Structures are given as structure tokens and as C-alpha cells.
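Take a look at the letters that make up each chain.
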Amino acid sequence: MKRPVGAEKKRVKRSSGSASTAARDSGSDAPPRKKGVKKDLFQLFAEKVRDHKGLESRWAVMEQARVEYFRGKDFVSFIKNHPECKEVLEEDKDLDTEDIANVLLEKNLLVRCDRVTKTLRPGKKKLSTWPAHLEIFREDQAFSETDAFFAWTFEKRHPLWQTLLSFFWPVLTLAICLFPVYPHRCKLIVLYSCASILLMILSLLFVRAVAFGAMWILLGKRVWFFPNILAEEATLKELFRFWPKKDEEEPPKWTSRLFYTVVAVVVVMLLRRHAPDEAARARYQRRMSNIIDDVLEWSPKLALSGLMENQPPVNITEAASNSSDAASPDYTEEADLDETQGEEEAEDWTNSNIKT
């Protein structure tokens, strides 16, 4: 029995409609396409804040590792003075400073630290502002503004100049090793430049020490000009800061000041008494000048010519006769010795006959 044509068409439409709905359902259940991995906004914020020069930070040792850390109150003042850094957070830019810091702690971009030494050292009125040794805060990892330190936990991005400097160091090392083959003019430039820089550094350290000793003895004040000149970790601006830090220690006793005054006077008198005379100074200067001239005037050509000049001259005729005698089968050392003794005896006999 044949089915009506209209029923067949309806069935085809229904089947096509159900297929389309199934395709839509399957499309909705399918996982979305992978988009580019978006970097965490708080990570970007942390990198931007760390690279900013406005946030004061220091380096310290924490659990046998060097970390860069800052104080809680400095972070609050930094966000207050530089609100444009919060623009990186986009939707979360309206969060308070404490909330932002707590998010950084939750994401392990920061870790709260505490000073290792919590007792005052003898002669100190208060604890160090920037401790050199830290430990992880054992209690709740939450932001605090009072006497709280926070260390960065991620690796800092190296600027371009540091990358270029890492490639420059091997070239500089090779250039130092090739100093003996430089032209004479280049040797003079390098020598006097290095000597000038070394003399400037030593003079600065000497004047700095003399100023400290004079103020310590006369006024009882500890004043170090260029306080960061010998610091291991310091920026270029901090390294050449001239004005000293505030003296937070107790003034020295007058007895110790008097003792070191006597020691300084005795040392100066001994140096004046045992100073070298003019002849000794001229001798030392001449010796050093000779050493410097030897270094400056050395070259591979002079070395090769010196080796050739130091070799003794060789007589080709004597060398040939010696080689022929040594090659003959009848030649022995005893025969050579007897021949020499005979020649000496004949010469002595001739001399005695001449005398008689």
C-alpha cells in the first residue's frame, strides 16, 4: 500500500529540522575555541610596580637566598603618589591598597617577611630600618602597614642594557688578555686611564676616612660622606649620594676619643720619622718606571728578536768536522782525550825549551 506523497514531504521536513536542532545542540555542547593565553593583570601590576623607581626597596638574605623587599608603609605611599599604576588592573583598579596587596599575597607574588633579629644591639636606640636578614612571617599572610616587610617572589625581568652587558663582558675579558699586543699609544691611554681612576677612588676613600676620623674625634659624630660608595647592592643614584645618613647610635665616650687621638698622632709621627729620603724615592721611582717601560715596550717582534739574539753563533766548519769525526767508526772518547793530552805535553815542552 502506497503512502501519500504529502506525508513523505512532512517526514522529510521533520527529519531535516531535527538534524538542524541536533547540530545546534552539538555546537552548543562543543568546547569553545582556544583563545590566546591572557596574562594575569595582577602579575603585570606587580612587574610594573617592581620596575618603578618610586618604590624604595632593598636586598636581604632570606632562607639562604637573596630577595628584594619593601616596607608596607612605603607601598601605601607609593600607590597614593602614583595612582596611574592601578590602571593596569582595569576592572579592579578601584580596589584599596590593602586589598590589592592581599590579592598579591594570595597569588604568591608577594610574601610577608619579618626581621630575624628582634632585639636591640648594644649601643642602638632602635631596630634597623632595613634589616639585612629576613625570615618568612609565621602568622597570617596579610598586609600590614606597621613594621611589615614584603618580598617579591617572581623573577625580575632583565632590561636590555643588562643583556647587552652580558655579551660585552667576554669581549672585554679578551681585550684585557690581548693588552701586550696593543700599539704603544693604546697602551699609554689604557695605562693612564686606569691609573687615574684608581687614584681617584683611593683619594676619595682616604678623604672620606679622614673626615670621619676628624668628626668622630672632635665632635663625637659618625659622619660618612658617600655612605653607599662601598655598598654591594645600590643603584647608580644611591651609589653617588653625597650627604650621609643620620647617626642613630649613641655618641662615643671621651676616653675612647682621647685614646684614638693619641694613636693617630703616634702613627703620623712614625710615618714622618721613617719616611724614605730623596735617594730612596728616586730609586723606587726609577725601578717602577723601568717596570712600566718593559710592559709598554714589549711586543711579539721584540720577543722573537730577543730569542734570536740570545742564541750563540754556530761555526759551520767546526760543526761539520765534529759531526764527521763522531760519525767515523774509529772515533772514541778515549782517543780524543789522549790526543788532547799529547798536544798539551808538546806545548809545555816547547815552552820549556824556549825558556832555556
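Residues numbered from 1 in each chain as written. Predicted model: local features only at pLDDT ≥ 70, side-chain atom pairs only at ≥ 80, totals over all residues. Heavy atoms only, no water.

- You'll find the chain entered in an unreviewed UniProt entry as Translocation protein SEC62, with Brassica rapa subsp. trilocularis given as the organism.
- Per UniProt, the comment on the chain under Sequence similarities (unreviewed entry) is "Belongs to the SEC62 family."
- In its Subcellular location (unreviewed entry) section, the UniProt record describing the chain reads: "Endoplasmic reticulum membrane". (UniProt positions renumbered as here; feature names shortened; annotations may be inferred.)

**Some details on the pattern of salt bridges**
(1) Moving on: According to the stated counting rule, one finds nine salt bridges in the structure shown.
(2) Moving on: A salt bridge links Glu56 to Arg58; its shortest N-O distance comes to 3.2 Å.
(3) Moving on: Here Arg281 ties to Glu278 by a salt bridge, and the two come within 2.3 Å at their closest N and O atoms. Within this pair, Arg281 and its partner Glu278 are both found in helix α9 (residues 278-297), separated by three residues, close to a single helical turn.
(4) Moving on: Exposure remark for Glu278: the relative accessible area of 59% places this residue in the exposed category.
(5) Moving on: Because the salt bridges share partners, they merge into one network encompassing Asp114, Lys118 and Glu135. (Salt bridge = Lys/Arg side-chain N within 4 Å of Asp/Glu carboxyl O. Helix = DSSP H or I, 4+ residues; strand = E, 2+ residues; numbered from the N terminus. Buried < 20%, exposed > 50% of the residue type's maximum accessible area, 1.4 Å probe, protein only.)

**Regarding the nonpolar core**
(1) Moving on: If you look at the biggest cluster of nonpolar residues, it comprises 23 residues, and the most contacted ones within it are Phe45, Phe75, Leu104 and Trp152.
(2) Moving on: A per-element tally of this core places helix α4 (residues 97-106) first, with five residues.
(3) Moving on: Those residues within four positions of Trp152 in sequence are excluded, and the remaining contacts are Ala46, Val49, Arg50, Leu55, Glu68, Phe70, Leu109 and Leu110.
(4) Moving on: Membership of the second largest hydrophobic core comes to 10 residues, among which are Ala60, Val111, Leu134 and Ala151. (Core = buried A, V, L, I, M, F, W, Y, C linked by side-chain atoms within 4.5 Å. Contact = heavy atoms within 4.5 Å.)

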